[in-house]
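Spelled out from the first residue to the last, the chains are:
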Amino acid sequence: MIEYGHFIGGKRVAGTSGRKQDVMQPMDGSVRGTVALASQAELRAAVENAKAAQPKWAATNPQRRVRVLMKFLELVARDYDELADILAREHGKTIADARGDIQRGLEVVEVCIGAPHMMKGEFTDGAGPGIDVYSMRQPLGVVAGITPFNFPAMIPLWKIAPAIACGNAFILKPSERDPGVPIRIAELFIEAGLPAGILNVVNGDKEVVDAILDDPDIKAIGFVGSTPIAHYIYSRGTASGKRVQCFGGAKNHMIIMPDADMDQTVDALIGAGYGSAGERCMAISVAVPVGNDTANRLMEKLVPRVESLKVGPSTDSSADFGPLVTAQALERVKGYVDIGVKEGAKLVVDGRGFKMQGYENGYYMGGCLFDNVTADMRIYKEEIFGPVLSVVRAPRYEDAIKLANDHEMGNGVAIFTRDGDAARDFASRVQVGMVGVNVPIPVPIAYYTFGGWKASSFGDLNQHGPDAFRFYTKTKTVTSRWPSGIKDGAEFVIPTMN
Ligand code: NAD
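Residues numbered from 1 in each chain as written. Predicted model: local features only at pLDDT ≥ 70, side-chain atom pairs only at ≥ 80, totals over all residues. Heavy atoms only, no water.

K.L.:
So what about empty space enclosed by the protein? Which residues, and what values?
P.N.:
Tallying each qualifying case throughout the model produces two cavities of 30 Å³ or more. Lining the largest cavity are 13 residues; nearest its centre among them are Gly278, Arg280, Ala283, Ser285 and Phe385. Residues belonging to the lining of the largest cavity are distributed by class as follows: six nonpolar, five polar and two charged. Considering only enclosed or pocket space, the second largest cavity measures out at about 40 Å³ in volume. In this structure, the second largest cavity is lined by Leu330, Phe354, Lys355, Met356, Tyr359, Glu360, Gly362 and Tyr364. Residue classes in the lining of the second largest cavity are distributed as five nonpolar, one polar and two charged. (1 Å grid on protein atoms, 1.4 Å probe; cavity = no way out; pocket = protein on both sides within 12 Å on 5 of 7 lines; lining within 4 Å. Points joined across faces, edges and corners; volume = space filled by probe spheres on them. Nonpolar A, V, L, I, M, F, W, Y, C, P; charged D, E, K, R; others polar.)

Below you can see the structure in the form of C-alpha cells.
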C-alpha cells in the first residue's frame, strides 16, 4: 500500500489533517494506496515555503532557471518507464497512451526552455525628448494549478514548466484520483536542481481547493477540469482578485463531408472517439455525417470497427483502451447509455455488458455507438467522458456547422473532407477554439496555444505557447528621462566652477 502525502519544501511529507482517501487501480479494482487530503493549514505551510523561496528564484538569471528544465527532461527520459507504469496503474489508460501523456507534457517543457526569449520586454528609443520607454515581464510570485485526473503528467507539466521558467513558485493541487505521477514530477524537478519550495504538491479535495482560492499570497490559478468546477474556480478566484484561467469540459464534433475518404475518417474516428476510453477533453464524442448516404457509408464501416475494439488491462500492450478511472465513472457512463436508449437514440453497439476475464473487478466497458441522436437529447448536450460515440445525421453542411456552433461547449472540432473550400469556410466560421482539418484531435503543438471557447474555457489567455508566458508574468513599463550629461568626451583637467 502506497501512502501519498504532499511534497512541500523539496521533500515528501505526510499529511496531518487526518483525512485521506483511497487511490484505486482501475484495471483490477484493487486499492493501490491512500492519498492525504490537505487542510488549509497544510496549504499555508506550502505557501509560506513557496513565498520564502520565490524571490531568490526570480532573481536567478532566466538561462540558469531553464537549465533546470533541461536537466528535468533528461531525468524523465531515464525514468520514463516507471512514470508510465504509475500513470497507467492509477489512471487506467494503456502504457502506450500513458507514454503519450508524458510526452505531450515534455513538449511544453521543451518550449519553456525558450523562456528567456519569451520574457523579453520592448524598448522605444526616444519616445519623447530624451525619453525612453521600455517594458519588462516579471513573475507574479506564488501561483497555483488545479488539475484533472485524465492527464496526470501532461496538464501539471503544462502549468509547472512555464510558471517556474518565468520565476514563480508553484503549488500544484493534482487530482486526488491519480496523485503518483505529480509527486514523482516534483521529485525529479528537485533532482534536476530546482530549489526547494519552488514546486510544491498539495493533495486534496474541495477543502484545499477553497483554501487556494481564498489564499491572499496566491496570485494566479490555472485550472483544468469539468465545466461546473471551472466556472466555480473562475468566479471565486477572480472575486478574490486573482488572475485565473480555467479550462472546462467538451463535446467535440467531427463533421464528415460526403467527399471524405471514409477509410481514413473511420480510422481517425475510432482512435479519437475511443482512445483512453473516451476520457480525453479532445475526444470526439459526436460524429456528424452530412447527408444520409454519407451516414450510411460511415455506419457500414464504423459499426464493425467499434464491435471489434479491444478492451484490456492497462498493462496489455495490445489493448485499444483500458478501464474507466473509477467505479463511479463507469456507473455514470453506463447511466448515460441507458438515458440515450430511453431518449430514443438507436444503440447500435452496446458495450455495457463487457466483462474483462481475469479482471472482473476492474472498471471496464466496451465501446458504445449511438445512431440517430438528436440535438435535444441529454446524451448530445452533456459530456459523457467515456467510450460512447453519438452519430447525429445532418442533412446539409449548414446544419452540421450549426450543430457545432450552437453547442454550449466549444473545445475542439474537426472536419473531414477533400474540399479545400469547405474546410476553409468551416475553419473560419466555426465557433470552437481548436479546429482540425482531416485531423481528429487537433491539440495544438506546444508552441501554439491550447484553449476552447464558450463553456469550455473561462478567462482570456490560453494554455502553453506564448499565452503561458503572459499568464505567468506581469508587465511593468518604465518611462525614463535622464538629465543631460557631459557629452564632450573625457576631461583631463580638474573641473572648476566658472
Ligand atoms: P473535475 O472537475 O472533477 O476535477 C478537476 C479538479 O478539481 C481536481 O483537482 C479536483 O480535485 C477538483 N475538484 C473537483 N470537485 C471540486 C469541487 N466541488 N470544488 C473544488 N474543487 C473540486 O474533473 P476531472 O473529472 O478530474 O477531469 C475530467 C474533466 O476535465 C472533463 O470534464 C474534461 O473535459 C475536463 N478536461 C478539460 C481539459 C481542457 O483543457 N479543456 C483538459 C482535460 C480535462
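On we go.
K.L.:
Mind laying out the pairing of strand 7 (residues 131–139), listing which residues take part and the relevant values?
P.N.:
With three bridges joining them, strand 6 (residues 123–128) and strand 7 adopt antiparallel strand pairing. In the sheet register, Phe123 faces strand 7, and the bridge partner there is Tyr134. By the bridge criterion, nine bridges tie strand 7 to strand 23 (residues 473–481) in an arrangement that is antiparallel. When the bridges of strand 23 are listed, Tyr134 appears paired with Val478. (Pairing = 2+ DSSP bridges. Helix = DSSP H or I, 4+ residues; strand = E, 2+ residues; numbered from the N terminus.)

K.L.:
If you had to explain the UniProt feature "domain: Aldehyde dehydrogenase" (unreviewed entry) in the chain to someone new, which residues and values would you point to?
P.N.:
Listed under "domain: Aldehyde dehydrogenase" (unreviewed entry) in the UniProt record, and renumbered for this structure, are residues 16–478. Annotated as 42% helix and 21% strand, the span residues 16–478 places its first and last C-alpha atoms 46 Å apart. (UniProt positions renumbered as here; feature names shortened; annotations may be inferred.)

K.L.:
Residue-level account of the nonpolar core, with values.
P.N.:
Core analysis: the biggest nonpolar cluster contains 90 residues, and Phe72, Ile102, Ile164, Phe170, Ile171, Phe189 and Ile233 have the highest contact counts within it. Looking at this core, the element that brings in the most residues is helix 2 (residues 62–91), giving 13 residues. Setting aside residues no more than four positions away along its own chain, Phe72 makes contact with Leu106, Val109, Leu157, Ile185, Leu188, Phe189 and Ala192. (Core = buried A, V, L, I, M, F, W, Y, C linked by side-chain atoms within 4.5 Å. Buried < 20%, exposed > 50% of the residue type's maximum accessible area, 1.4 Å probe, protein only. Contact = heavy atoms within 4.5 Å.)

K.L.:
Now, about the pattern of salt bridges: what can you tell me, with residues and values included?
P.N.:
All told, the structure shown has 36 salt bridges when counted by the stated rule. Its salt-bridge partner being Glu207, residue Arg19 comes within 2.9 Å of it at the nearest N-O pair. Placement of Arg19 in the loop between strand 3 (11–13) and strand 4 (20–25) and of Glu207 in helix 7 (residues 206–214) is noted, with a sequence separation of 188 residues between them. The class for Arg19 is partly exposed, based on a relative accessible area of 30%. Arg99 is the partner of Asp81 in a salt bridge, and the nearest nitrogen-oxygen pair spans 2.7 Å. With Asp81 in helix 2 and Arg99 in helix 3 (residues 95–112), this pair connects stretches of sequence that are 18 residues apart. Overall, the relative accessible area of 56% leaves Asp81 in the exposed class. Several salt bridges converge on common partners, so that one network encompasses Arg12, Arg78, Asp79, Glu82, Arg184, Glu187 and Glu191. (Salt bridge = Lys/Arg side-chain N within 4 Å of Asp/Glu carboxyl O.)

K.L.:
Residue-level account of the side chain of Gln245, with values.
P.N.:
By the element assignment, Gln245 lies in strand 12 (residues 243–247). Classification of Gln245 by relative accessible area gives buried; the value is 2%. From its side chain, Gln245 meets the backbone oxygen of Leu461 in a polar contact 2.9 Å long. Residues in contact with Gln245, not counting those within four places in the same chain, are Lys159, Ile221, Gly222, Phe223, Phe458, Leu461, Asn462, Gln463, Phe471 and Tyr472. (Polar contact = N/O pair within 3.5 Å; in protein donor to acceptor, adjacent residues only side chain to side chain.)

K.L.:
Tell me about the layout of surface pockets, and name the residues and values.
P.N.:
Roughly 970 Å³ of volume is contained in the largest pocket. Around the largest pocket sit 46 residues that line it, and Pro148, Arg177, Gly225, Ser226 and Ile229 are the ones nearest its centre. Per element, the largest residue contribution to the lining of the largest pocket is five residues, and it comes from helix 8 (residues 227–239). Across the lining of the largest pocket, the residue classes break down as 22 nonpolar, twelve polar and twelve charged.

K.L.:
Outline the sheet that holds strand 23, supporting the account with residue identities and numerical values.
P.N.:
Here three strands make up an open sheet; going across it, the order is 6-7-23 and the pairing antiparallel. Taken across any chain shown, the strands that pair with only one partner, and hence form the sheet edges, are strand 6 and strand 23. Neighbour-to-neighbour, the strand axes of this sheet turn through a mean angle of 30°, independent of strand direction. (Axes fitted to C-alpha atoms, helices over the stretch in contact; angles between N-to-C directions.)

K.L.:
How would you sum up the pairing of strand 12? Please name residues and give values.
P.N.:
Counting buried positions over the five residues of strand 12 gives four, a clear majority of the element. For strand 11 (residues 218–224) and strand 12, the ladder comprises five bridges, and the chain directions are parallel. When the bridges of strand 12 are listed, Ile221 appears paired with Val244. The sheet contact formed by strand 12 and strand 22 (residues 457–458) spans two bridges and is antiparallel. Opposite Phe247, over in strand 22, you have Ser457 as the bridge partner.

K.L.:
Explain unusual backbone geometry residue by residue, including any values.
P.N.:
Of note, Asn372 is a non-glycine position whose phi angle comes to about 55°, a positive value. Here Asn372 lies in the loop between strand 16 (368–371) and helix 12 (378–381). The class of Asn372 is partly exposed, set by a relative accessible area of 37%. You will see that Phe385, though not glycine, has its phi angle at about 60°, which is positive. Looking at where Phe385 falls in the secondary structure, it is placed in the loop between helix 12 and strand 17 (388–391). Its relative accessible area of 18% is what places Phe385 among the buried residues.

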